Amino acid sequence: MSRKKIVVLLSRFPFPLYKGDKLRAYHQITTLSKHADVYLIALSDENITENSLLALQPFCKDIKIFRLSLLSRLYHSLFALIKMWPLQLGYFYNHKIQKAIHHDIQRIEPDVVYAQLARTYFYIKDIKFKKVLDFQDCFSENYRRLSMTSNWFKANFYRVESKRLSKIEKEILDTFDNTTIISKRDQLMLPPSEKSCTIVSNGVDESFFTSPQLDKKYDILFVGNLSYEPNIQAVSYLAQHIVPLLLVEFPLLKVAIVGASPSQKIISLANKNVQIVGFVEDVKMYYAASKVFVAPIFSGGGLQNKILEAMAIGLPCVTTPLVNESLHAQEGKEILVADTALDFCNKIKLLLVDTAISDAISKQAKQKMMHEYRWEEVNKTLLEVLLN
């Protein structure tokens, strides 16, 4: 019997793995390729290196990349404002590329088209093949939360974007054959629809279960895309509200902030205690060289890859109830949860001074990741959605 054919449509090329959507798409493609022929179609607002292409070629029958020029992004973003579309849908849209993608899909005649994020909606809304969209997070809810924690200008933008995204999410739920999303919390935040949305969690790469043995150079570590607004807010909160409390008892405290594209606001937070590392090739080295992972994330959504990786490698974590709502880790056993700067300070202090508690949480967290969050395991649900 011939293998089924899946067209995977992405708004960004899924390599290198420095953003959550790229990481999720890459590991989903590697799983799908074991069961079907994968035809990758990716938009891109940047040049794709030969090494990035080589990383995906073993898993794809064919790869097509459509470059979104700066002029196209500016023009279609303005067009989105006029048409009252969500701005991110306009940013990633191009009518000529849409026609080319339709032509490719017709040529391939896939069993299913699997698209990631609502920003790809306009490219496949009218195709006649089975189509499934991965919301990843409930972006309308993410923007609503951001509107509550941002300055006046940004708050108004996020509020409008949230309402427009909610309308698009509703259209996708009602018209696509199926949809997927990362967590139960995000699923519940979607607009009401007669059709259900399937939960497909994030996972952890097998390499994170083997921790390199390194000296603990850093007391605190944060990892994430440093141009993403919820991460910018989290790092600012860590540096400006939590670290000063800890310095009273730990004047030599060392904090590492690791991730791609640090914003100017994050760069300005650097001092003798806080090191802005930026992008690194192998983030596992920083996990292994740190004592505590801290993620004071109060906005955004989904299931945080950085938390999964830290727990898998055996780094005890302190985060917010919002993050743990999707993770479902046992508080006090697999993770520590805090919602104020003082609470964060006390939980971090506990892990820094009590190695028995730190080691116990580390061990239980790692066990949870090994049993529940391996990519091969979580992607079984995706296979059922796409291939049945």
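See the structure printed just above.
Being a predicted model, the structure only gives us computed values, none of them experimental.

Participant: Pulling in residues and values, what's your account of the sheet that holds strand E11 (residues 290-295)?
Facilitator: The strand order across the open sheet formed by 6 strands is E10-E9-E8-E11-E12-E13, and the pairing between neighbours is parallel. Sheet topology places strand E10 (274-278) and strand E13 (336-337) at the edges, where each strand pairs with a single neighbour. This element, helix H15 (residues 341-353), spans strand E8 (218-223), E11, strand E12 (317-319) and E13 of the sheet and lies at about 160° to E11.

Participant: Go over the nonpolar core with me, naming the residues and quoting the values.
Facilitator: Ranked by internal contacts, the top residues of the largest apolar core, which has 64 residues, are Ile257, Tyr287, Phe293 and Leu327. Counting residues per element, this core draws most heavily on helix H10 (residues 229-247), at 9 residues. Sequence-distant contacts of Leu327, that is, excluding residues within four places in its chain, are made with Leu303, Ile307, Leu308, Met311, Ile335, Lys368, Met369 and Tyr373. With 41 residues, the next largest nonpolar core counts Phe92, Tyr93, Leu117 and Leu165 among its residues.

Participant: Account for empty space enclosed by the protein, naming residues and giving values.
Facilitator: Taken as a whole and assessed by the stated rule, the structure comprises 3 cavities of 30 Å³ or more. Taken as a whole, the largest cavity encloses approximately 50 Å³ of empty space. Grouping the amino acids of the lining of the largest cavity by side-chain chemistry returns 5 nonpolar, 1 polar and 3 charged.

Participant: Residue-level account of the sheet that holds strand E7 (residues 198-199), with values.
Facilitator: Across the sheet, which stays open at both edges, the 7 strands sit in the order E3-E2-E1-E4-E5-E6-E7 with parallel pairing between neighbours. Edge positions in the open sheet fall to strand E3 (62-67) and E7, since each of these has one partner strand only. Relative to strand E5 (residues 131-136), strand E4 (residues 112-116) runs parallel, the two sharing 4 bridges. The partner of Ala115 across the bridge, within E5, is Leu133.

Participant: Before we move on, can you summarise the packing of aromatic side chains with the specific residues and values?
Facilitator: Within this structure, the stated rule accounts for 20 aromatic pairs. A ring pair is formed by Phe208 and Tyr287, whose centres lie 6.0 Å apart and whose planes are at 75°; its orientation type is edge-to-face. Remark: Tyr287 occurs in helix H12 (residues 284-288) and Phe208 occurs in the loop between E7 and E8; sequence separation between them is 79 residues. Judged by centre distance (5.9 Å) and plane angle (25°), the ring pair of Tyr218 and Tyr286 falls under stacked. Placement of the pair is Tyr218 in strand E8 and Tyr286 in helix H12, with a sequence separation of 68 residues.

Participant: Now, about the layout of surface pockets: what can you tell me, with residues and values included?
Facilitator: Roughly 370 Å³ of internal volume is contained in the second largest pocket. Taken together, 22 residues make up the lining of the second largest pocket; nearest its centre are Lys216, Ser290, Gly314, Pro316 and Asp359. Residue assignment for the lining of the second largest pocket shows that the elements contributing at least two residues are H12, E11, H15 and helix H16 (355-372). When residues of the lining of the second largest pocket are assigned to their parent elements, the largest contribution, 6 residues, is made by H16. Here the lining of the second largest pocket is composed, by residue class, of 10 nonpolar, 7 polar and 5 charged.

Reading guide: rules and limits
Residues numbered from 1 in each chain as written. Predicted model: local features only at pLDDT ≥ 70, side-chain atom pairs only at ≥ 80, totals over all residues. Heavy atoms only, no water. Pairing = 2+ DSSP bridges. Helix = DSSP H or I, 4+ residues; strand = E, 2+ residues; numbered from the N terminus. Contact = heavy atoms within 4.5 Å. Axes fitted to C-alpha atoms, helices over the stretch in contact; angles between N-to-C directions. Core = buried A, V, L, I, M, F, W, Y, C linked by side-chain atoms within 4.5 Å. Buried < 20%, exposed > 50% of the residue type's maximum accessible area, 1.4 Å probe, protein only. 1 Å grid on protein atoms, 1.4 Å probe; cavity = no way out; pocket = protein on both sides within 12 Å on 5 of 7 lines; lining within 4 Å. Points joined across faces, edges and corners; volume = space filled by probe spheres on them. Nonpolar A, V, L, I, M, F, W, Y, C, P; charged D, E, K, R; others polar. Phe/Tyr/Trp six-rings, centres within 6.5 Å; stacked < 30°, edge-to-face > 60°.

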